[in-house]
Amino acid sequence: MLKAGIVGLPNVGKSTLFNALVANAKAEAANFPFCTIEPNVGVVSVPDERLAALAEISKSQKIVPTQIEFVDIAGLVKGASKGEGLGNKFLANIREVDAIVHVIRCFDDDDIIHVSGSVDPVRDIEVINLELILSDLAQIEKRLERVRKEVKKNKEYEQELKVLEKLSKNLDAGKSVRALDLTEEEAESVKHLGLLSGKLMIYAANVSEDDLASGNDWVKQVKQVASAEKAKLVKVSAQVESELIELPEEERGDFLESLGVSEGGLKSLIKATYELLGLRTYFTTGETETKAWTITAGMKAPQAAGVIHTDFERGFIRAETIAYHDLVTSGSMNVAKEKGLMRSEGKEYVVQEGDVMLFRFNV
């Protein structure tokens with residue numbers, strides 16, 4: 001399951017946003033630092049209107065969306081890598097995630113204390129990023145000590161040693177791992193370290209309700225940072241997300257429209273996460289269920305089948321495939337087949353976004 005860690009300084013709206021994204025979460029959102037003592041975990045369904053359309057065509061008994069896990073990690077402060085605040089314990093939690101959602105305060109409110117005394121998103125980003133870099137540097141120096149000894153006995157460590165020395169130099173200069181141009185082979189050699197500053201980053205600019213559509217000068221500053229880092233920027237409003245929870249499903253669209261936006265923060269964050277990680281969705285559909293499956297861009301049909309079950313990949317024969325749009329416009333699988341829109345794809349077929357698939361395999 002895809003996992004995203006929500007981080008940020010204390011009192012930026014992190015836990016409020018988490019509670020809103022995961023309506024039944026138990027995270028405590030309070031107006032003081034370190035209110036989140038353990039990382040709270042919430043699993044949410046990925047919203048996808050295509051599932052309902054496919055289920056209607058297939059007369060499916062149930063719909064099974066894909067899921068994403070959000071981990072709300074306690075607020076970090078300057079010096080966290082040296083144990084300040086709640087320190088390294090929470091930096092360790094970030095090692096487990098696929099991507100980091102860094103919530104940044106881009107709203108002014110005299111009633112909510114800012115841990116640094118004023119709103120300054122660029123400074124806040126630098127504080128968090130520096131702590132991730134310092135934590136990585138400490139870990140790499142420790143690993144270097146061991147690898148330098150091992151390489152004398154075993155030449156297999158030579159590649160890792162070169163990469164570690166390269167990373168050490170750049171981290172010492174204040175550059176994050178994700179800012180470096182590592183080859184696939186280089187990245188693989190240090191993958192086991194779970195380096196924090198190498199995690200893909202989504203900056204979630206937390207704005208007031210009034211600034212959700214147009215943004216503000218603080219959001220512009222965050223956008224510049226995100227562009228320079230090749231990170232994603234998403235505008236969210238923890239305030240709006242909290243209000244959405246209280247509304248019936250059918251009223252949420254009108255509420256968002258009144259604010260000048262077409263979707264809520266959950267959908268925006270998931271979309272950004274999928275784009276950043278290079279993920280795709282394909283579907284299986286029938287009378288029993290219509291289900292969404294998450295794969296990596298570029299996956300071939302047998303690998304995609306293996307996401308369902310390893311036996312499907314091992315015994316793969318072919319995939320009967322139709323594009324989502326072709327099936328929906330046809331109105332039924334039979335009509336789609338009559339039109340010649342259903343294709344038989346082999347082992348080299350690269351699965352496309354929105355493919356509806358039926359796998360044939362040998363047991």
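Residues numbered from 1 in each chain as written. Predicted model: local features only at pLDDT ≥ 70, side-chain atom pairs only at ≥ 80, totals over all residues. Heavy atoms only, no water.

## Remarks on the overall build of the chain
Assigned secondary structure in the chain consists of 14 helices and 12 strands. Buried residues in the chain amount to 48% of all 363 residues. Sequence-distant contacts in the chain: of pairs separated by 6 or more residues, those separated by 24 or more amount to 68%. Element-wise, carbon and sulfur atoms account for 48% of the exposed surface of the chain, whose accessible area totals about 18,200 Å². (Helix = DSSP H or I, 4+ residues; strand = E, 2+ residues; numbered from the N terminus. Buried < 20%, exposed > 50% of the residue type's maximum accessible area, 1.4 Å probe, protein only. Contact = heavy atoms within 4.5 Å. Areas by Shrake-Rupley, 256 points an atom, 1.4 Å probe, with all protein chains shown as cover.)

## Observations concerning the pattern of salt bridges
Taken as a whole and assessed by the stated rule, the structure comprises 21 salt bridges. A salt bridge links R178 to E229; its shortest N-O distance comes to 2.9 Å. Of this pair, R178 sits in the loop between α5 (158–172) and α6 (184–189) while E229 sits in helix α7 (residues 217–229), and the two are 51 residues apart along the sequence. Judged by relative accessible area, which is 19%, R178 ranks as buried. The salt bridge partner of R343 is E345, with a shortest N-O separation of 2.7 Å. (Salt bridge = Lys/Arg side-chain N within 4 Å of Asp/Glu carboxyl O.)

## Some remarks on the environment of T285
Mapped onto the elements, T285 comes out in strand β8 (residues 279–285). Residues T285 and M357, 72 residues apart in the sequence, show an inter-C-alpha distance of 7.9 Å. Within the structure, T285 has its side chain in polar contact with the side chain of S58 (distance 2.7 Å). Looking at T285, its side chain comes within polar contact range of the side chain of T290, at 2.7 Å. (Polar contact = N/O pair within 3.5 Å; in protein donor to acceptor, adjacent residues only side chain to side chain.)

## Some remarks on helix α1 (residues 14–21)
Taken across its 8 residues, α1 has 7 buried, putting it largely inside the fold. Along α1, the residues that are buried comprise K14, S15, L17, F18, N19, A20 and L21.

## What about the pairing of strand β5 (residues 99–105)?
Taking burial as the measure, the 7 residues of β5 include 7 buried ones, the bulk of the element. Burial along β5 is two-sided: the face carrying A99, V101, V103 and R105 and the face carrying I100, H102 and I104 are both buried. Pairing geometry for strand β1 (residues 2–7) and β5, over 4 bridges, is parallel. Bridging from a neighbouring strand, I6 pairs with V101 of β5. Two strands pair when backbone bridges link them, and β5 and strand β6 (residues 200–206) are joined in this way by 7 bridges, in the parallel orientation. Looking across to β6, one finds that V101 is bridged to I202. (Pairing = 2+ DSSP bridges.)

## A short note on the side chain of T273
Mapped onto the elements of the fold, T273 is located in helix α10 (residues 265–277). Looking at T273, the relative accessible area reads 1%, which means it is buried. The contacts of T273, once residues within four sequence positions are left out, are L2, I68, A99 and I202.

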